[in-house]
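# Reading the structure
Chain by chain, the residues:
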Amino acid sequence: MASALLLARLVTPILLASFVQHASGLWPIPRSLSTGASAVKLSPDFVIRLDVPHPPEDVRAAMSRSQSRLHSDTFQRLALGRSSADTNAVKHAHVLTALSITLHPGSSVRDIAQETTRAIDQKDESYELRIPISQPEATLIANTTLGLFRGLTTFEHLWYDANGTKYALDGPIAITDKPAFPYRGFSFDTSRNFYPVSDILRTLDAMSWVKLSVLYWHIIDSQSFPLEVDAFPQLSAKGAYSPEEVYSRDDVRHIIQYANERGIDVVMELDSPGHTTAISAAFPEHIACPAKSPWSKYASEPPAGQLRIASSSTLEFARTMFSAIADTLPGTMMSSGGDEVNLLCWEEDEQTMSDLVTRNITIEDALNEFVQTVQDVIIQHGKTPFIKSDMVLTHNAPVVNNTVVVVWQTSEDAASVAERGLHLIHQPSNYFYLDCGAGEWLGNDVLGNSWCDPFKTWQRAYSFDPYANLTTEQYSLVLGGQMPLWSEQSSPENLDPIIWPRLAAGAEVFWTGTALPDGSSRISANTTSTAQALARLNELRYRLVDRGVNAIALQPKWCALRPGECDLDS
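Please read all numbers here as calculations on a predicted model, not as lab measurements. (Residues numbered from 1 in each chain as written. Predicted model: local features only at pLDDT ≥ 70, side-chain atom pairs only at ≥ 80, totals over all residues. Heavy atoms only, no water.)

## Things to note about the packing of helix α2 (residues 57-72) against helix α5 (residues 145-156)
For the pair α2 and α5, interaxial distance at closest approach is 10 Å and the crossing angle is 5°. Relative to α5, α2 is oriented roughly parallel. Note on element contacts: α5 touches α2 through T145, F149, L152, F155 and E156, opposite V59, A62, M63, R65, S66, R69 and L70. Of the residues contributing to the contact of α2 with α5, the split by class is 7 nonpolar, 2 polar and 3 charged. (Axes fitted to C-alpha atoms, helices over the stretch in contact; angles between N-to-C directions. Helix = DSSP H or I, 4+ residues; strand = E, 2+ residues; numbered from the N terminus. Parallel < 35°, antiparallel > 145°, perpendicular 65-115°, else oblique. Contact = heavy atoms within 4.5 Å. Nonpolar A, V, L, I, M, F, W, Y, C, P; charged D, E, K, R; others polar.)

This is the structure in C-alpha cells:
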C-alpha cells in the first residue's frame, strides 16, 4: 500500500479514488484533490483570519461557527485504535496557526445570503484551499462569499480529533473545487406531518455540511395547510392541524434567512391545482369533490379534492394566494407543483361542469389557463417557475420557456422533458425517494407495500447518472436534482435517521458529478465499496452524529473501522 501511494504521488497530483484515507474522507469529494503524506495539526491558538474589506455579517457568523466547531468536534478517525493509532504522527505534526480567507482581487463583496439567492445560472461556489506543511498558515480564496462558505465547510471536515488536538495525516493538501450542478436539493414535505422550526433548522445545518444548495419546501397539501398567508389568514386558521402546527410569516422569514446564510436557497412549492383539499376548510367554494368517497377514485391519496380550475373566482383566489406568498420569498425560484391531478374529480363536480359550459371551454382549456395564471404570477415576481413533470408530459400543459420541470415519476421521463427543450431537475422515484420501502400507510391493506418499493439505499441513489438517455446537446438542460421526503410515515421522531446519511448520496451525485478526482467514473465498478465511497460516507455519518444529527448507521462499527473488509467479495 505504501509503495502504491508513493507511486501515485509521483505520477499525478490527483488523489486516486481507491485510496480512502484521510482527506479523501471528504463528502462530497472535491472535483480536484491533491494530498501528501505528512501530518498537520492545528495550534491550540488557531484562528481563522478574514482579509475581506467590509465583510458582511453572515460571513463573520460563518467564520465564528467554523471556529467553534473546530474546537467542539470530537470525531476520531475510523481506524483500529481510533486516534491512538496516530499518536506519534500527531506529536511530530506540522503546526498550523491560522487559516487566511480572502476573495480574488476585484471580486464583489456581497452577503452569503445575497449570493445564495442569485439566479441559478449566476451563482459561483468555487474555491481553492491549501494546507501547507512548510508555512504556518492555510489559505482559502474564492470569487464570492458563497465560495468562501463552501471552502470553510471543506476545511472543517479535514480534521480528526485526538484529545482536543485537531490533525490531518496527508498534508500538504490542495483543493480546487466547484459544483458540477448548481441545483442540489432536498424536497421536504412538512404538510402531511408537521415539523417544528427547530427540526427544519437542524436539517438545514446538516444540508450545508454536505454542500446542498436548495430546500424545496413542499409546505401545503390535501391533509393540512400549515402556512400563514396574510391575504387569507383563514387558510391556516382552519386548514392546519392545530394553532401550534402553523408556520407563521416570521417562522418562514427566519427559516429562509437561516437557509440563505448557509448557502441554501429556498424554493417554496404551492402544489396545485391538485393536493389542495385543505383549502376547503376555509374556502369550500374553491374545491371540487372535497373528501369525496371512495377517495381512491378521485385522488392519489385521501382526502380527495382539488381546485375548481374552471371558476373565474377560483382563478382569482389562486392568483392572489400565489402573489401574497411570492412577496415573502427573496429567492428567484418558486414552484406551482401540479402533480397527480384527477380528471374524474372535475368531471363529477357540478360546479366545475357548469363553469365549463358557461365559459364554453374544456377541462383541458381550464387546466391550461390555470397553469398559465399561476406561472404568470411567479414570473411577475421575478422568479423562475417550477412545475412537476406529469403536468407537462401527461397533460401537455403549455409552460413558459424558462420553466424548470421536476422529473419525479421515473428517471426515464428526463429524456422526454429534454426533447421539449425544457430545463429539468432530477427527482426520480426509482432512485431518490427517501420514504419508499416502509410498507403501506393505508389501513385495511394487510399485504400492502409502498407504491415506490423497494427501499432506496444510498448505493441506489449514488448510482444515478444525471445524463442517462440524454444527448450531449441536452446536458445543459440538467440543472441538478433533489431527493425528497414525503411525510406520510415521517415526523420529527424519525426525521434524522430516515434522511441521513442517505441524502448525502444525492449531494455528491450533483456536486462531484460523473467523475471522481482522478478522472474515473463516479459510478464505475466498486465505487460504492467500503474501501471507497462507503468509507467516506461512514466518516460523514459519524461526523453528523458527533454534531447532534441522529444519522442511522450504515454498517456495524466493526466494518466501519476496517474499510473494505465487509464488501461482498472481500
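## Some points on the state of the cysteines
As used here, a disulfide is simply a covalent bond connecting the sulfur atoms of two cysteines. Scanning the entire structure with this criterion turns up 3 disulfides. There is a disulfide in this structure between C289 and C345, and the S-S distance comes to 1.9 Å. Residues C289 and C345 are joined by a disulfide whose S-S torsion is about -100°; by sign, that bridge is left-handed. Of the two residues, C289 sits in the loop between β12 (287-288) and α9 (295-298) while C345 sits in helix α11 (residues 343-347), which places them 56 residues apart along the sequence. (Disulfide = S-S within 2.5 Å.)

## Thoughts on the pairing of strand β15 (residues 384-388)
With 4 of 5 residues buried, β15 lies mostly within the body of the structure. Bridging between strand β14 (residues 333-335) and β15 involves 3 bridges; their strand directions are parallel. Across the sheet, M334 pairs through a bridge with P385, a residue of β15. Where β15 and strand β16 (residues 404-407) come together, 3 bridges link them in parallel fashion. (Buried < 20%, exposed > 50% of the residue type's maximum accessible area, 1.4 Å probe, protein only. Pairing = 2+ DSSP bridges.)

## With respect to the packing of helix α6 (residues 197-209) against helix α8 (residues 249-260)
Look at α6 against α8: their axes get within 10 Å of each other, and the N-to-C directions meet at 10°. By the angle class used here, α6 and α8 are roughly parallel. In the packing of α6 onto α8, the handedness of the crossing is right-handed. Note on element contacts: α8 touches α6 through D251, H254, I255, Y258 and A259, opposite V197, I200, L201, L204 and D205. Of the residues belonging to the contact of α6 with α8, the class tally is 7 nonpolar, 1 polar and 2 charged. (Left-handed = near helix turned anticlockwise from the far one by under 90°.)

## A closer look at the packing of aromatic side chains
Any two aromatic rings considered together are summarised by their centre-to-centre distance and by the angle between their planes. If you walk through the whole model with that rule in mind, you get 25 aromatic pairs. A network of ring pairs unites the aromatic residues F181, Y431, F432, F464, Y467, Y475 and F510 as a single cluster. Its end group placed over the ring of Y258, R262 keeps NZ or CZ at 3.4 Å from the ring centre. Above the face of the W209 ring, R547 is positioned so that its terminal group lies 4.7 Å from the ring centre. (Phe/Tyr/Trp six-rings, centres within 6.5 Å; stacked < 30°, edge-to-face > 60°. Lys NZ or Arg CZ within 6 Å of the ring centre and 35° of its normal.)

## Quick look at the side chain of N260
Mapped onto the elements, N260 comes out in helix α8. Residue N260 is classed as buried on the basis of its relative accessible area, which comes to 2%. A polar contact of 2.9 Å, which involves the side chain of N260, links it to the backbone oxygen of I264. Contact partners of N260, with chain neighbours within four places excluded, come to I112, A113, T116, T117, D265, V266 and P330. (Polar contact = N/O pair within 3.5 Å; in protein donor to acceptor, adjacent residues only side chain to side chain.)

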